[in-house]
Amino acid sequence: MGLISAPVTATPLLDRVTGPQDLRIMDRDTLIRLAGELRAETINIVSQTGGHLGSSLGVIELTLAIHTVFDTPRDKLIWDVSHQCYPHKILTGRREKMLELRKKGGPSGFTRRTESPFDPFGAAHSSTSISAGLGFAMARELGGDPGDVVCVIGDGAMSAGMAFEAINNAGALGKRLFVILNDNAMSISPSTGAIATYLAELGARPGEERSFFEQMGFTYHGPVDGHDLGGLVDSLHSLRQHATGPVLLHALTRKGAGYDAAEASADKYHGVAKFDIATGQQAKAIAAAPSYTKIFAGALVKEAAKDSRIIAITAAMEAGTGVDIFRRHFPDRAFDVGIAEQHAVTFAAGLAAGGMKPFCAIYSTFLQRGYDQIVHDVALQGLPVRFAIDRAGLVGADGPTHAGAFDVGYLANLPGFTVMAASDEAELVHMVATAAAHDAGPISFRYPRGDGTGVPLPEAGTPLPIGKGRIVEDGGTVALLSFGARLGECLMARRMLAAYGIPVTVADARFAKPLDIDLVEDLFETHELFVTIEEGATGGFAALVLGHLAGRGLLDGRCAVRTLTLPDRFIAQASSEEMYEEAGLTAHHIALLVRETLAAKGGLSARAQRFNGRHVPRIQVAE
């Protein structure tokens, strides 16, 4: 499978493309030249914006072939995960906006129904395309939207059970549906598991036996060269002309194809910062402190050195969760189960029942995919599975599909669950130790994406007293009770309010469950205003605090109570700072809430009243 791409600087063919209809009047040689321009344009854009490059470069030819053969948007094109959709967006009328990719107000890094009629189904999580595509196909059969349906799914996504559930259903229904298996032997890292081995063998011995997909009721075609544009167009034309039921086209591609720096990289430039095209050098800012992910991995390695029962599990996110670091020290105790969160959770439950100490390291947004297993297989049996929940809160450019907003609510309502959140990286080290020592049931700890705050790290973690928070700064009139990594914003708000003569106590809850009821009641009873702050959705930490206070009859007027959570809406992609600004969870918003509430109660000093309101300049913040 060869792909030869000479450097391209001008894009005269691409400049003529206003939509897929323009591709359908081009001859074969012109399309091939256009592929070179589209690849160059994709590289140029991502070099200036950052984003998912390798996956997009791997589908340049597939994207052109699909839009050439099928009548999009009448025919529905569904990208699994959709992080590979940049060439698709360039060809479907969004080229001029692509330099704003993944920024506030710009195109999403994933497909979005609200963004374009060429995006019939939104995505960002894995293995949903065939299920959604089958839904579109059945809607067509039942009198809904007409047209063919094309689903593009990667081999990594085929490791998830949902893909096989959809294949099982589609094969039984027998309706016309096109599935293109984009097989590049990669997820973020190289694909793992028996499915990856099977697909590799299927590609090496085409036609020798009836494939699994044929046995499941699909017409199987392939494998074909996913970078042979002419061959792809011919294959798709033939399949479209003759298909009567579900069809699977097996295309072998290369992640990062056509860009040497990407192809030479271990992750094929899966996700990159801005970079220099000539050298491939990424312009990553120098970190002021290690990332929370690295801190977690290092702390877990230290705990595992002391306890051979500690196991690390992740779901196709070894590098993203730090399990790759753990694997380097303990290869026999690290498990990447593929894109299979449900299995990961129950696998961990079985390990716990067998006497091990499993740490299930999964992003907050992906842990949602295993919720029934958390309830039924872990919580109901009281098994001590440890959940390390990365990417808590808002995550910036990946937007609402990757935000860690809901885990506190959906875990803290489960009987016997211990739920923690780290306010900084030192606290994270202690929470890893706490989880390692905890055998009385399931326990979780959440922490944000990105670099730590720079606080000194302990040499070793110390288990925390279960259900006990801490006072960070003593004050008087106002109590700010933070759960998680908004603690720094609370301390900044304290400095702002001190300039207005308002004394503030800042406390770190540490635990949402069990709640530190002594701390909550003490703060409530000794302050005029009590505010909870968290980087999670409504129904989380604040709801637990309010539920306790109401149950104790303490919400009867003696102290004003306010809560700050993520708003009840999905916040579109932007920088993390812009997203928290929109969410109203910055130091300025905290201080403003305090001033407005005290003013309404008549408890604001004359000096503070002079500064009350949104007109207070932010430069008043005392650093």
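The structure reproduced in this document is the subject of the present report. (Residues numbered from 1 in each chain as written. Predicted model: local features only at pLDDT ≥ 70, side-chain atom pairs only at ≥ 80, totals over all residues. Heavy atoms only, no water.)

We now examine the overall build of the protein. Helix and strand content of the protein: 25 helices and 17 strands. Taking 2.2 N^0.38 as the reference for a compact globule, 623 residues should give roughly 25 Å; the C-alpha atoms of the protein span a radius of gyration of 26 Å, in line with that estimate. Taken across its 623 residues, the protein has 59% of its residues classed as buried. Working note: accessible area of the protein is about 24,100 Å², and carbon and sulfur atoms make up 53% of it. Charged side chains in the protein number 57 positive and 69 negative. The centres of these two groups are separated by 3 Å. (Helix = DSSP H or I, 4+ residues; strand = E, 2+ residues; numbered from the N terminus. Rg over C-alpha atoms; globule rule 2.2 N^0.38 Å. Buried < 20%, exposed > 50% of the residue type's maximum accessible area, 1.4 Å probe, protein only. Areas by Shrake-Rupley, 256 points an atom, 1.4 Å probe, with all protein chains shown as cover. Lys, Arg positive; Asp, Glu negative; His and termini not counted. Charge placed at Lys NZ, Arg CZ, Asp CG, Glu CD.)

Next up on the list: the environment of Thr-477. The topology assignment puts Thr-477 in the loop between strand 12 (470–473) and strand 13 (478–483). Along the backbone, Thr-477 and Thr-505 are 28 residues apart, and their C-alpha atoms lie at a distance of 7.8 Å.

Let us now look at the packing of helix 2 (residues 28–49) against helix 4 (residues 60–69). Between helix 2 and helix 4, the shortest axis-to-axis distance is 9 Å and the interhelical angle comes to 125°. Relative to helix 4, helix 2 is oriented oblique. Like other packed secondary-structure pairs, helix 2 and helix 4 cross with a definite hand, here right-handed. Residue-level inspection shows Leu-31, Leu-34, Ala-35, Leu-38, Arg-39 and Thr-42 of helix 2 in contact with helix 4, the latter providing Ile-60, Glu-61, Leu-64 and Thr-68. Across the contact of helix 2 with helix 4, the residue classes break down as six nonpolar, two polar and two charged. (Axes fitted to C-alpha atoms, helices over the stretch in contact; angles between N-to-C directions. Parallel < 35°, antiparallel > 145°, perpendicular 65-115°, else oblique. Left-handed = near helix turned anticlockwise from the far one by under 90°. Contact = heavy atoms within 4.5 Å. Nonpolar A, V, L, I, M, F, W, Y, C, P; charged D, E, K, R; others polar.)

Most of strand 16 (residues 529–534) is tucked away: six of the six residues are buried. Across the two faces of strand 16 the burial is the same, with Leu-529, Val-531 and Ile-533 and Phe-530, Thr-532 and Glu-534 all buried. Sheet analysis places strand 13 next to strand 16, joined by six bridges and oriented parallel. Pairing of Val-478 across the sheet is with Leu-529, part of strand 16. Relative to strand 17 (residues 560–564), strand 16 runs parallel, the two being bridged by five bridges. Within the sheet, the bridge partner assigned to Phe-530 lies in strand 17 and is Val-561. For the crossover from strand 16 across helix 22 (residues 541–551) to strand 17, the handedness is right-handed. (Pairing = 2+ DSSP bridges. Right-handed = clockwise from strand over helix to strand, strands pointing away.)

One open sheet accounts for seven strands, arranged 7-6-8-9-11-10-15; its pairing is mixed. In this open sheet, the two strands that pair with only one neighbour each are strand 7 (334–336) and strand 15 (511–513). Strand-to-strand twist of the sheet, defined as the mean angle between neighbouring strand axes without regard to direction, takes the value 20°. Relative to the sheet, helix 19 (residues 425–437) contacts strand 6 (310–314), strand 8 (357–363), strand 9 (386–390), strand 10 (418–421) and strand 11 (443–446), its axis offset from that of strand 11 by approximately 170°.

Pro-73 follows Thr-72 through a cis peptide bond whose omega is 5°. Mapped onto the elements of the fold, Pro-73 is located in the loop between helix 4 and strand 1 (76–79). The phi angle at Ser-127 is positive, at roughly 75°, despite the residue not being glycine. With respect to the element layout, Ser-127 can be found in the loop between helix 5 (86–94) and helix 6 (129–141). Taking the relative accessible area as the measure of exposure, Ser-127 reaches 1% and is therefore buried.

Turning to the packing of aromatic side chains, a few remarks are in order. Both the distance between ring centres and the angle between the ring planes are used here to describe each pair of aromatic rings. All chains considered together, the criterion is met by 20 aromatic pairs. Taking 5.3 Å as the distance between ring centres and 65° as the angle between the ring planes, the aromatic pair formed by Phe-70 and Phe-178 counts as edge-to-face. Here Phe-70, found in the loop between helix 4 and strand 1, pairs with Phe-178, found in strand 3 (residues 177–183); they are 108 residues apart in sequence, far enough to count as distant. Taken as a pair, Phe-70 and Phe-178 share a single burial class, namely buried. Here Tyr-259 and Phe-275 contribute two aromatic rings whose centre-to-centre distance is 5.8 Å and whose plane-to-plane angle is 35°, an arrangement assigned as tilted. Of the two residues, Tyr-259 sits in the loop between strand 5 (246–252) and helix 11 (260–264) while Phe-275 sits in the loop between helix 11 and helix 12 (292–306), which places them 16 residues apart along the sequence. The pair formed by Tyr-259 and Phe-275 is uniform in burial state, with each residue classed as buried. By the ring-pair criterion, three or more aromatic residues cluster together here, those being Phe-164, Phe-212, Phe-213 and Tyr-220. Across the ring face of Phe-330, the terminal group of Arg-333 is positioned such that the distance to the ring centre comes to 4.2 Å. (Phe/Tyr/Trp six-rings, centres within 6.5 Å; stacked < 30°, edge-to-face > 60°. Lys NZ or Arg CZ within 6 Å of the ring centre and 35° of its normal.)

Bringing the pattern of salt bridges into the picture now. Summed over all chains, the structure comprises 35 salt bridges. Here Lys-89 ties to Glu-115 by a salt bridge, and the two come within 2.8 Å at their closest N and O atoms. One end of the pair, Lys-89, is in helix 5; the other, Glu-115, is in the loop between helix 5 and helix 6, with 26 residues separating them in the sequence. Taking the relative accessible area as the measure of exposure, Glu-115 reaches 27% and is therefore partly exposed. Note that Glu-263 is salt-bridged to Arg-254, the shortest N-O span being 2.8 Å. By relative accessible area, which is 25% here, Glu-263 ends up partly exposed. (Salt bridge = Lys/Arg side-chain N within 4 Å of Asp/Glu carboxyl O.)

Across the sheet, five strands lie side by side as 12-14-13-16-17; this open sheet has mixed pairing. Each edge of the open sheet is held by one strand with a lone partner, namely strand 12 and strand 17. Pairwise comparison of adjacent strand axes, ignoring direction, gives a mean angle of 25° for this sheet. In the packing of helix 22 onto the sheet, contacts are made with strand 13, strand 16 and strand 17, and the angle to strand 16 comes to roughly 145°.

Here we come to the environment of Pro-117. The residue Pro-117 is located in the loop between helix 5 and helix 6 in this model. Judged by its relative accessible area of 62%, Pro-117 falls in the exposed class. A sequence separation of 432 residues divides Pro-117 from Leu-549, and the C-alpha atoms of the two residues are 49 Å apart.

Time to look at the packing of helix 20 (residues 487–498) against helix 24 (residues 587–601). With their axes 8 Å apart at the nearest point, helix 20 and helix 24 run at an angle of 50° to one another. The orientation of helix 20 relative to helix 24 falls into the category oblique. Every pair of crossing elements has a handedness; the one defined by helix 20 and helix 24 is right-handed. Residues Glu-489, Cys-490, Met-492, Ala-493, Met-496 and Leu-497 of helix 20 touch helix 24, and the partners they reach there are Ala-587, His-588, Ile-590, Ala-591, Val-594 and Arg-595. Counted by class, the contact of helix 20 with helix 24 contains nine nonpolar, one polar and two charged residues.

Below, the discussion takes up helix 19. Along an α-helix, residues three or four positions apart point the same way, because every turn accommodates 3.6 residues. For helix 19, spanning 13 residues, the distance from its first C-alpha to its last is 19 Å, which sits close to the expected 18 Å at 1.5 Å a residue. Burial within helix 19 is extensive, with 12 of its 13 residues counted as buried. Burial in helix 19 covers these residues: Glu-425, Ala-426, Glu-427, Leu-428, Val-429, His-430, Met-431, Val-432, Ala-433, Thr-434, Ala-435 and Ala-436. (Expected span 1.5 Å × (residues − 1).)

All we've got here are geometric facts, nothing functional implied.
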